[in-house]
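# Structure assessment
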Amino acid sequence: MNRRLSTFRRGFLSTFTLDVVGRGLSAVATIVFIRALGVSSFAYLVLFLNVGQFAGSALTGGIRMRYMRTEAERISRGRAEETGFGLALTTSLLLVLGVSTLVLAGVTLVDSGGSTADRWLFVALTAAYTAGNASIELGIYHNQAHLKFVRAGMIGIARSAAVIVVAIAALTGLVESGPLTAAAVSATIFVVAAVVCAPLVREAFTIPTAATLSGEFGRESAWLTLYYLASAGFAYADIFIVAAFLDDAAVSSYGAALRYLAIVLGPMPALIAVMRVRTAQHDLVDSGHAQANLLGSWVKRAALPVTLIVGAAAILAPLLIPVLDGGRYPDSVPVFQVMLVPALVNYLTVPGPSLLMTQKRYRLLALIFAIALVLQLILAGGVATFAGVVAVAAVASGVGTIEAGTVAAVASRLARNDAVAAATR
């Protein structure tokens, strides 16, 4: 047990360190884009990145998670067979291709908001970015499941470095328009994906396969897909609300605030990465008592340092953000500060979703997120036109805080119930 915990502590340290580097590179790229691009071009890039990230998570997140948890549990139990990286990758790419084709057909029938060629270009660029980014994410998940946290972190750094290259090109004037910048980002991400996934696909064909992913569209995978769709919507829906009801300045302000928030949430991907692998280990899968203890001990350890860090970010925001963006997007300051509230709660409750997956309560997890997403869309859409971008952020923050707290409380309660039921058998 101590050896296993030591492995995950080292895994968290390496993942955290490398992810901070990657997030730092992404933050630098964002600042360079803000400085180099005009308002309309930056707004185009914000929508492109958010649509691509949303689509990748919504379409392929369930496949990745099911693959990773199956793979991580298999390794923790000492089983020798591979579980199908090649099939997981193929399924993900086919989903992106299929949905993109449907979207292209749909935009062809639409005759508003720009030319058909412009809409086709946006969809094509976003599809290429989504496919590349989803492939990189699957490679990261594979390495994390195999406890190769350093290698997974280096992949993330390579992805961020690729975007920095494009940002430098924008700063030097090599790329100026929104579509050209998006095309450059898609191309560099696709190259990184090819380098990451090619050896893993070759390796998958050399190892006997015990459980391919034939049940990928079964009941569990369907609920996981709904969960990822809802959670992705939760993360990105408000930028779409802002884009639909407000102007380019509001989109840029909200998008910039999201990028600044990503700095504060820099450790979060590392925490989630280690937590989703840790909760797939057989000792936690087999014990509700261990699950409840994990969540309780995490909240106690994280409360003080996380509160101090988030509080410092809220205090420093009015001083630092105007320096970073040259005062171009003043609304990004209050938007960022409001978003720090759910950030704090999400830090404190990070094991919650993973524990519900450990308990195989995928439907419950998906329904909680889906209900929260619907509520967020209704409320945010309702306040957007008459209260502005800050009000949209406030709605998102309130709903996000309630959602994170609910998931953690439900996961803890059900883990304790499972422990009691197991003890009485």
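Residues numbered from 1 in each chain as written. Predicted model: local features only at pLDDT ≥ 70, side-chain atom pairs only at ≥ 80, totals over all residues. Heavy atoms only, no water.

## Overview of the overall build of the chain
- Helix and strand content of the chain: 15 helices and 0 strands.
- Taking all 425 residues of the chain together, the buried fraction comes to 51%.
- Summarising the internal contacts of the chain: among those between residues at least 6 apart in sequence, 82% fall at separations of at least 24.
- As presented, the chain carries roughly 18,400 Å² of accessible surface, and 69% of it is formed by carbon and sulfur atoms. (Helix = DSSP H or I, 4+ residues; strand = E, 2+ residues; numbered from the N terminus. Buried < 20%, exposed > 50% of the residue type's maximum accessible area, 1.4 Å probe, protein only. Contact = heavy atoms within 4.5 Å. Areas by Shrake-Rupley, 256 points an atom, 1.4 Å probe, with all protein chains shown as cover.)

## Comments concerning the packing of helix H12 (residues 332-348) against helix H15 (residues 389-423)
- Their axes nearest at 8 Å, the elements H12 and H15 cross at an angle of 5 degrees. One way to sum up the angle between H12 and H15 is to call them roughly parallel. Across the interface between the two elements, Pro334, Val335, Val338, Met339, Val341, Pro342, Val345 and Asn346 from H12 touch Val389, Val390, Ala393, Ala394, Ser397, Gly400, Thr401, Ala404 and Gly405 from H15.
- Of the residues in the contact of H12 with H15, the class split is 12 nonpolar, 5 polar and no charged. (Axes fitted to C-alpha atoms, helices over the stretch in contact; angles between N-to-C directions. Parallel < 35°, antiparallel > 145°, perpendicular 65-115°, else oblique. Nonpolar A, V, L, I, M, F, W, Y, C, P; charged D, E, K, R; others polar.)

## Focus: the pattern of salt bridges
- Enumeration over the complete set of coordinates arrives at 4 salt bridges.
- Residues Asp418 and Arg361 are paired through a salt bridge, measuring 3.0 Å at the closest nitrogen-oxygen approach. Here Asp418, found in helix H15, pairs with Arg361, found in the loop between helix H13 (351-358) and helix H14 (362-387); they are 57 residues apart in sequence, far enough to count as distant.
- Since its relative accessible area comes to 27%, Asp418 is described here as partly exposed.
- Residue classification places Arg361 among the partly exposed positions, given a relative accessible area of 23%. (Salt bridge = Lys/Arg side-chain N within 4 Å of Asp/Glu carboxyl O.)

## Examining the nonpolar core
- Counting 113 residues, the largest nonpolar core has Phe33, Phe48, Tyr227, Tyr254 and Phe336 as the members making the most contacts within it.
- The element contributing the most residues to this core is helix H2 (residues 39-76), with 12 residues.
- When neighbours within four sequence positions are excluded, Phe33 is seen to be in contact with Phe42, Leu45, Val163, Val166, Ala167, Ala170 and Thr181. (Core = buried A, V, L, I, M, F, W, Y, C linked by side-chain atoms within 4.5 Å.)

## Quick look at H12
- For H12, built from 17 residues, the straight-helix expectation of 24 Å at 1.5 Å per residue is met to within 8% by its first-to-last C-alpha distance of 25 Å.
- The largest bend in H12 is about 25 degrees, located at Val341, with the proline Pro342 one to four residues further on.
- Burial in H12 covers these residues: Ser332, Val333, Val335, Phe336, Met339, Leu340, Pro342, Ala343, Val345, Tyr347 and Leu348.
- Packing partners of the buried residues in H12 comprise helix H8 (248-264), helix H9 (268-278), helix H11 (288-325) and H15. (Expected span 1.5 Å × (residues − 1). Bend = angle between axes of the 7 residues up to and from the residue.)

## Observations regarding the packing of aromatic side chains
- Using the criterion set out here, one finds 6 aromatic pairs in the structure.
- Residues Phe48 and Tyr129 carry aromatic rings whose centres are separated by 5.1 Å and whose planes lie at 50 degrees to one another, so their mutual orientation is tilted. Here Tyr129 lies in helix H4 (residues 116-145) and Phe48 lies in helix H2, a separation of 81 residues in the sequence.
- A relative accessible area of 5% means that Tyr129 is categorised as buried.
- Between Tyr227 and Phe369, the aromatic rings sit 4.9 Å apart at their centres with planes inclined by 90 degrees, giving edge-to-face as the arrangement. Placement of Tyr227 in helix H7 (residues 219-245) and of Phe369 in helix H14 is noted, with a sequence separation of 142 residues between them. (Phe/Tyr/Trp six-rings, centres within 6.5 Å; stacked < 30°, edge-to-face > 60°.)

## Observations regarding the side chain of Thr60
- By the element assignment, Thr60 lies in helix H2.
- Thr60 gets classed as buried once you look at its relative accessible area, which sits at 0%.
- Looking at Thr60, its side chain comes within polar contact range of the main-chain oxygen of Gly56, at 2.5 Å.
- Ignoring sequence-local partners within four residues, the contact set of Thr60 consists of Ala55, Ser92, Val96 and Ala134. (Polar contact = N/O pair within 3.5 Å; in protein donor to acceptor, adjacent residues only side chain to side chain.)

## What to know about the environment of Leu45
- Residue position: Leu45 is located in helix H2.
- Measuring from C-alpha to C-alpha, the distance between Leu45 and Ser252 comes to 9.4 Å, with 207 residues separating the pair along the chain.

## A word on a nonpolar patch on the surface
- A grouping of Ile315, Leu316, Leu319 and Leu320 is seen on the molecular surface, where their side chains present a nonpolar patch of about 420 Å² in accessible area.
- Relative to the helices and strands, Leu316 resides in helix H11.
- With relative accessibility at 40%, the residue Leu316 sits in the partly exposed group. (Patch = residues over 30% accessible without salt bridge, like charges linked within 9 Å, V, L, I, M, F, W, Y side chains within 5 Å.)

## A look at the confidence of the model for the chain
- Mean pLDDT for the chain: 83, with 89% of residues reaching 70 or above.
- For residues 210-217, every residue scores under 50 in pLDDT, and the model assigns this stretch 22 contacts once sequence neighbours within four places are set aside. (pLDDT = per-residue confidence, 0-100.)

## Re the packing of H14 against H15
- Viewed as axis vectors pointing N to C, H14 and H15 meet at an angle of 165 degrees, and their least axial separation amounts to 8 Å. It follows from the interaxial angle that H14 and H15 lie roughly antiparallel. Along this stretch, H14 crosses H15, giving a crossing that reads as right-handed. Contacts from Leu364, Leu365, Ile368, Phe369, Ala372, Leu375, Gln376, Leu379, Ala380, Val383, Ala384 and Ala387 of H14 reach H15 at Val389, Ala391, Val392, Val395, Ala396, Val399, Glu403, Thr406, Val407, Val410 and Leu414.
- Among the residues making up the contact of H14 with H15, the classes are represented as 20 nonpolar, 2 polar and 1 charged. (Left-handed = near helix turned anticlockwise from the far one by under 90°.)

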